[in-house]
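A structural walkthrough
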Amino acid sequence: MKKILVTGAFGLVGTDLVEALQKQYGRENVICLGHSVVHEGFDGILVKGSVTDKEGLAKIIDDHQIDTVFHLAGILSGGSEKNPQLAWEVNYLSLKHVLDLAIDRKFKIFWPSSIAAFGTTTPKHNTPQHTVLEPTTMYGVNKVSGELLCQYYNLKYGVDVRSVRYPGLLGYKAAPGAGTTEYAIQIFYDAIKTKHFECFLKEGTSLPMMYMEDAIKGTIDLMNADSRNLTVRTSYNFAAFSFAPEELVAEIKKLVPGFTCEYKPDFHQAIADSWPTKIDDSQARKDWGWKHTYGLHEMAIDMFKNIKIKIQKA
Ligand code: VAH
């Protein structure tokens, strides 16, 4: 990777990924495409534009001689249910633009799928790499459609597009977006500020999760893996640990004595109920050496420490 474009550069994943790529490949070699949110004091190469504008994307890719695109721009599960039409355009059509541009320009692509690609008919425990994908959310439909499009462009045009099904990702550098697993990020801010949290999921709602440090390392490792070892061109199952809200609450209570949580399920509960509780990611571990390092306890300590610093600095 020499000249990298990151779309969604200021989102939850993008913020951490840009920092890691700048460190590894040089600030001048990471082009960051922002749409609405741009971080104050951002130190890097910023280009403004929309991923729904194919010609605009082509110009950025050509002007900067891009050889790798991390196409992260997207609307998460909760936001996609609120605006399904826009979700289709941003989450799916923009991916087709990037894939189309890669046919002749031969740049590599990373695109994030999600555990949202699974649905209520998918085996919920130890969900296999190859299984039933009948999601009941627009976000999930976008992800399944996108996975199949990636595989088609790889088979038909030889586009080197690689993908993982992100679980719920926990990071502190960017604010949590309109997702379902993002409750597990917001809870730290509320615990530190008010010692209380209202959780929009009920107890017992166990979901696959991953600390952002592991997600970023795994994403970059996949992009640097030998293409000949990759046996999955839809999207790799990608996992670390699972927890239910009350398990995270118990970890936070160790850090914030007197912390309380009230469970008030809303529309996010149906979304979470359609997702698996635990993922089998053995294919990723076999094909490109994926392994996670953070568990629930280590994640909670690091998130708490860094969000506390962030709040004190604000
Ligand atoms: C969401 N955090 O909740 C995202 C993610 C697995 C869930 O895709 O929408």
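Here the structure is shown first, and the text comes after it.
Conventions used here
- Residues numbered from 1 in each chain as written.
- Predicted model: local features only at pLDDT ≥ 70, side-chain atom pairs only at ≥ 80, totals over all residues.
- Heavy atoms only, no water.
- Helix = DSSP H or I, 4+ residues; strand = E, 2+ residues; numbered from the N terminus.
- Buried < 20%, exposed > 50% of the residue type's maximum accessible area, 1.4 Å probe, protein only.
- Contact = heavy atoms within 4.5 Å.
- Areas by Shrake-Rupley, 256 points an atom, 1.4 Å probe, with all protein chains shown as cover.
- Salt bridge = Lys/Arg side-chain N within 4 Å of Asp/Glu carboxyl O.
- Near = heavy atom within 4 Å.
- Polar contact = N/O pair within 3.5 Å; in protein donor to acceptor, adjacent residues only side chain to side chain.
- Pairing = 2+ DSSP bridges.
- Axes fitted to C-alpha atoms, helices over the stretch in contact; angles between N-to-C directions.
- Parallel < 35°, antiparallel > 145°, perpendicular 65-115°, else oblique.
- Left-handed = near helix turned anticlockwise from the far one by under 90°.
- Nonpolar A, V, L, I, M, F, W, Y, C, P; charged D, E, K, R; others polar.

**Digging into the overall build of the chain**
Counting its regular elements, the chain contains eleven helices and twelve strands. By the burial criterion, 55% of the 314 residues in the chain qualify as buried. Intrachain contacts of the chain at a sequence separation of at least 6 include 78% that bridge at least 24 residues. Accessible surface computed for the chain: about 13200 Å², of which carbon and sulfur atoms make up 53%.

**Examining the pattern of salt bridges**
One pass over the full model with this rule turns up 16 salt bridges. When the shortest N-O distance is used, the salt bridge between Arg165 and Glu147 registers 2.7 Å. One end of the pair, Arg165, is in strand β6 (residues 161-166); the other, Glu147, is in helix α5 (residues 138-157), with 18 residues separating them in the sequence. The buried category is assigned to Arg165, whose relative accessible area is 2%. For Glu147, a relative accessible area of 1% corresponds to the buried category.

**Quick look at the site of the ligand**
The immediate surroundings of the ligand are formed by 13 residues, with Ser77, Ser114, Tyr139, Thr180 and Thr181 found nearest. A distance of 2.6 Å separates an oxygen atom of the ligand from a polar atom in the side chain of Ser77. In the model, an oxygen atom of the ligand is placed 3.0 Å from a nitrogen or oxygen of the Ser114 side chain. For the ligand, whose accessible area on its own is 280 Å², the fraction buried by protein is 96%.

**Description of the sheet that holds strand β5 (residues 108-114)**
One open sheet holds the seven strands; their spatial order is β3-β2-β1-β4-β5-β6-β10, and the pairing between them is parallel. Lying at the two open borders of the sheet, with one neighbouring strand each, are β3 (45-48) and β10 (236-237). Note that β5 and β6 share six bridges and pair parallel. Pairing of Phe110 across the sheet is with Arg162, part of β6.

**Details of the sheet that holds strand β9 (residues 207-211)**
Strand order in the open sheet formed by three strands is β7-β9-β11, with mixed pairing between adjacent strands. The open sheet has two edge strands with one neighbour each: β7 (168-170) and β11 (241-243). The sheet shows a mean angle of 45° between the axes of neighbouring strands, taken without regard to direction. Inspection of the sheet shows β9 paired to β11 by three bridges, in the antiparallel sense. Looking at β11, one finds that Met209 is bridged to Phe241. Packing of helix α7 (residues 212-224) onto the sheet brings it into contact with β7 and β9, and relative to β9 it is tilted by some 80°.

**Regarding the packing of helix α6 (residues 183-194) against helix α11 (residues 296-313)**
The interhelical angle for the contact between α6 and α11, taken along N-to-C directions, is 55°, at an axis separation of 10 Å. One way to sum up the angle between α6 and α11 is to call them oblique. When you trace α6 past α11, the crossing you get is right-handed. Residue-level contacts link Ala184, Ile185, Phe188, Tyr189, Ile192 and Lys193 of α6 to Met299, Ala300, Met303, Phe304, Ile307, Lys308, Lys310 and Ile311 of α11. Across the contact of α6 with α11, the residue classes break down as eleven nonpolar, no polar and three charged.

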